[in-house]
Amino acid sequence: MASVTLTADLIDVRFTATERLWIGRERIAVPIAAVRQAVCVDRPLSLARGARRGYVVSGFIKIGIWGIFGGSRQLVSARRGNPGLHLVLDRAAAGGEFDEIVLSDPAAPALAQAIRQATAVRP
């Protein structure tokens, strides 16, 4: 499962070796200023939509990039049984790759709250 670290101005996500195979990267760093919405979701698997490049075991796990032929481009690493962190991004401010990030994390409620607080105090 990906690990998420928050700093004053950055969300740093590091992926496991298995996730790296399907996502094609070791980590992604997103500026807090690029986050438009941060919420905790009960069923993160249901958020991934559109054509994909990745790994799916229906109802259990989704890892990869969704929306590759149009629509919202999503970076997804979600598993059944864990809450999810759903980040809606300003794509240009986030580096131009993704509109959304969906991650399963047992600490998703606390992460979402911390990110919302950080975005509320930005200039």
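All values derive from a computational prediction rather than experimental measurement.

On to helix H2 (residues 108–120), then. For H2, built from 13 residues, the straight-helix expectation of 18 Å at 1.5 Å per residue is met to within 8% by its first-to-last C-alpha distance of 18 Å. Within H2, burial applies to Ala108, Leu111, Ala112, Ile115 and Thr119. On an axial view of H2, the arc spanned by its buried residues comes to 100°, and they lie on one face. In H2, those exposed residues whose orientation departs by more than 90 degrees from the buried face are Ala110 and Ala120. At its buried positions, H2 is contacted by strand S1 (3–6), strand S2 (10–14), strand S4 (35–41) and strand S8 (84–89).

This paragraph deals with the pattern of salt bridges. In the structure shown here, the tally under the stated rule is 7 salt bridges. In this structure, Glu19 and Arg79 form a salt bridge, with 3.4 Å as the shortest nitrogen-oxygen distance. Of this pair, Glu19 sits in helix H1 (residues 17–23) while Arg79 sits in strand S7 (residues 74–79); the two residues are 60 residues apart in sequence, bridging distant segments of the chain. As far as burial versus exposure is concerned, Glu19 and Arg79 are alike and both buried. A salt bridge links Arg91 to Asp99; the shortest N-O distance between them is 3.3 Å. One salt-bridge network, held together by shared partners, links Asp12, Arg14 and Arg27.

With that out of the way, let us pick up a nonpolar patch on the surface. Residues Leu21, Trp22, Tyr55, Val57 and Phe60 make up a contiguous nonpolar surface patch of about 480 Å² in total accessible area. When residues of the nonpolar patch are traced back to their parent elements, those giving at least two are H1 and strand S5 (52–57). Residue position: Val57 is located in strand S5.

Below, the discussion takes up the packing of aromatic side chains. The geometry of two aromatic rings is summed up by the distance between their centres and the angle between their planes. Within the structure shown, the criterion is met by 1 aromatic pair. Between Trp22 and Tyr55, the ring centres sit 5.3 Å apart and the planes meet at 25°, which makes this aromatic pair stacked. Of the two residues, Trp22 sits in helix H1 while Tyr55 sits in strand S5, which places them 33 residues apart along the sequence. For Trp22, a relative accessible area of 34% translates into the label partly exposed.

If you trace the backbone, Ala2 turns up in the segment before S1. Judged by relative accessible area, Ala2 falls into the buried class, the value being 7%. Ala2 sits 58 residues away from Phe60 along the chain, and the two C-alpha atoms are 16 Å apart.

Counting residues in each nonpolar core, the largest one holds 27 residues, and the members touching the most others are Ile11, Val30 and Leu87. Mapped by element, the contributors of at least two residues to this core are S2, strand S3 (27–31), S4, strand S6 (61–66), S8, strand S9 (100–104) and H2. Broken down by element, the residue count for this core peaks at 4 residues, all from H2. Once you skip the residues sitting within four places of it in the chain, Val30 turns out to touch Asp9, Leu10, Ile11, Val35, Leu89, Ala94 and Ile101. Counting 8 residues, the second largest nonpolar core, distinct from the first, contains Val41, Ala48, Trp66 and Val102.

About the cut-offs
- Residues numbered from 1 in each chain as written.
- Predicted model: local features only at pLDDT ≥ 70, side-chain atom pairs only at ≥ 80, totals over all residues.
- Heavy atoms only, no water.
- Helix = DSSP H or I, 4+ residues; strand = E, 2+ residues; numbered from the N terminus.
- Expected span 1.5 Å × (residues − 1).
- Buried < 20%, exposed > 50% of the residue type's maximum accessible area, 1.4 Å probe, protein only.
- Arc of directions from axis to C-beta.
- Contact = heavy atoms within 4.5 Å.
- Salt bridge = Lys/Arg side-chain N within 4 Å of Asp/Glu carboxyl O.
- Patch = residues over 30% accessible without salt bridge, like charges linked within 9 Å, V, L, I, M, F, W, Y side chains within 5 Å.
- Areas by Shrake-Rupley, 256 points an atom, 1.4 Å probe, with all protein chains shown as cover.
- Phe/Tyr/Trp six-rings, centres within 6.5 Å; stacked < 30°, edge-to-face > 60°.
- Core = buried A, V, L, I, M, F, W, Y, C linked by side-chain atoms within 4.5 Å.

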